[in-house]
Amino acid sequence: MSTDDGTPAQRTRSWAEPFKIKMVEPLKMTTRAEREVAIREAGYNTFLLRSEDVYIDLLTDSGTNAMSDRQWAGMMLGDEAYAGSRNFYHLEAAVQELYGYRHLVPTHQGRGAEHILSKIMISPGDVVPGNMYFTTTRLHQELAGGTFVDVIIDEAHDPTNLHPFKGNVDLAKLQRVIEQHGADKIPYVCIATAVNMAGGQPISLANLREVRAMCDAHGIRIIHDATRVAENAFFIKEREPGCADMTIAEIVRAICDLTDGCTMSAKKDALVNIGGFLALNDDDLFDAARNMVVIYEGLHTYGGMAGRDMEAVSIGLHESVEYDHIRARVGQVAYLGRKLQDAGVPIVVPIGSHGVFLDARAFLPHLDQDTYPAQALAAEIYLDSGVRTMERGNVSSGRDPATGENRHPRLELVRITLPRRVYTQAHMDVTAESIVEVY
Ligand code: F0G
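This is a predicted model, so every value here is computed, not measured.

For the structure shown, the criterion picks out 23 salt bridges. Note that Asp69 is salt-bridged to Lys22, the shortest N-O span being 3.5 Å. Of the two residues, Asp69 sits in helix 3 (residues 69–75) while Lys22 sits in the loop between helix 1 (8–11) and helix 2 (32–41), which places them 47 residues apart along the sequence. You can call Lys22 exposed: its relative accessible area is 72%. A salt bridge links Arg102 to Asp283, with the nearest nitrogen and oxygen atoms 3.2 Å apart. Here Arg102, found in the loop between helix 4 (86–98) and strand 2 (103–107), pairs with Asp283, found in helix 11 (residues 283–296); they are 181 residues apart in sequence, far enough to count as distant. Given a relative accessible area of 40%, Asp283 falls into the partly exposed group.

Here you go:
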């Protein structure tokens, strides 16, 4: 139940996390000398550090969530039958109720769903427009013979631009892609909510409606990357005219209703440590996906997940749309972001949904992009305090498969990503102090 009706008067009051802690995991504290050895052995790459050498782990919000007592109770109700597990039907019902998609294909995590979707929908020579790329999403599109084309608004590539919906699609760019390649070469438009690589930036309902209209006019499907849809819904409630009185669940449903299916990494919004799914409305596509999942993931009623994991996902999906939860989650990110802003540290604005993104170009203006400023900054923050962050720039972007050259993305970022329900406000203070010190 919400203790706060979300009215402007209530929003100015202090609030705390809508949970209390009943189990703790001790953290190892390290000295700078120990961290110097660890980061050198990791090749100055925070992905290659051992977790036990990390004090506060802000590498990712993926699979790092703390589950609720309800979810842990659900883990004990796992039906580990090979076929027809009752937990599959719970998950199917949760997806149908909350997202509205008709058919569910479980997968071991998000990229499992991307793999199957790409294989059944993309033919060699196809083009897949999207509101910015995600690494695994684009790679699966490329492996299936497709080419990704970025149609996000230009503002998304500018870390200082305050546009409230930097995840929006530029309709003129999308129109040009359709004219240039023809609708029959576009199997679907890929729409992410709370666009990760843009800094956790939302798309508006109004923009998505316009994308829908353009796609309908050309008979093109829309597939939604729903990984952080509840976080996107929170920003819509806060910022989009006419949406303040909608519940998070209503906004999530409105987004999904404008799309034809989704890929989902349940390791984010859905508050679990592993899991994912593909959801589709079309019967024929569902048949194709069901035939494919059994080859790559597992039978169509478990798709790589244990029964207990499917139960935890279905409970987590319901928790993800609770207003108090999502406000505290996005609110903790805003708390950290504002501390850094107040100290003049260059971050991507507006502050995003799942993390604060440091603008490594502005932070380290003397470094050329081919000397990997974001990677260097992530290593330096670890050295200072044992806080682990993630490079999201020239290294993440990879090399052009045709030329072998670095892609030089416009955004050269370090992501400080917050696991859900894991760290306290004091951890945020320690993190901010370290980054301010490094700056
Ligand atoms: N889509 C988005 C927007 C993601 O952020 C991720 C994962 C995936 C798909 C793939 O899902 O990991 O379950 O296979 N993002 C993680 C991150 C890895 O750290 O941002 P997955």
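Here the narrative resumes, following the displayed structure.
Take the packing of aromatic side chains next. If you walk through the whole model with that rule in mind, you get eight aromatic pairs. Ring centres of Tyr82 and Tyr302 lie 5.2 Å apart, and the angle between their planes is 65 degrees; this geometry places the pair in the edge-to-face category. Here Tyr82, found in the loop between helix 3 and helix 4, pairs with Tyr302, found in the loop between helix 11 and helix 12 (307–320); they are 220 residues apart in sequence, far enough to count as distant. With centroids separated by 6.3 Å and ring planes inclined at 40 degrees, the aromatic side chains of Phe234 and Tyr323 adopt a geometry described as tilted.

Around the ligand, 17 residues are found, and the nearest of them are Thr60, Arg111, Asp225, Ser265 and Lys268. Between the ligand and Gln109, the relevant distance is 2.8 Å, taken from an oxygen atom to a side-chain nitrogen or oxygen of the residue. A distance of 2.9 Å separates a nitrogen atom of the ligand from a polar atom in the side chain of Lys268. Coverage of the ligand by the protein amounts to 93% of the 470 Å² it exposes when considered alone.

On to the nonpolar core, then. In this structure, Tyr99, Ile248, Val252, Phe277, Val313 and Leu317 are the most contacted members of the largest nonpolar core, which totals 58 residues. Top contributing element to this core by residue count: helix 9 (residues 229–239), with six residues. When near neighbours in sequence (up to four residues on either side) are disregarded, Phe277 contacts Val95, Tyr99, Leu104, Val105, Pro106, Thr107, Ala113, Cys262, Thr263, Met264, Val313 and Leu317. If you look at the next biggest cluster of nonpolar residues, it comprises 27 residues, including Tyr55, Leu340, Ala374 and Met428.

Cut-offs and rules
Residues numbered from 1 in each chain as written. Predicted model: local features only at pLDDT ≥ 70, side-chain atom pairs only at ≥ 80, totals over all residues. Heavy atoms only, no water. Salt bridge = Lys/Arg side-chain N within 4 Å of Asp/Glu carboxyl O. Helix = DSSP H or I, 4+ residues; strand = E, 2+ residues; numbered from the N terminus. Buried < 20%, exposed > 50% of the residue type's maximum accessible area, 1.4 Å probe, protein only. Phe/Tyr/Trp six-rings, centres within 6.5 Å; stacked < 30°, edge-to-face > 60°. Near = heavy atom within 4 Å. Polar contact = N/O pair within 3.5 Å; in protein donor to acceptor, adjacent residues only side chain to side chain. Areas by Shrake-Rupley, 256 points an atom, 1.4 Å probe, with all protein chains shown as cover. Core = buried A, V, L, I, M, F, W, Y, C linked by side-chain atoms within 4.5 Å. Contact = heavy atoms within 4.5 Å.

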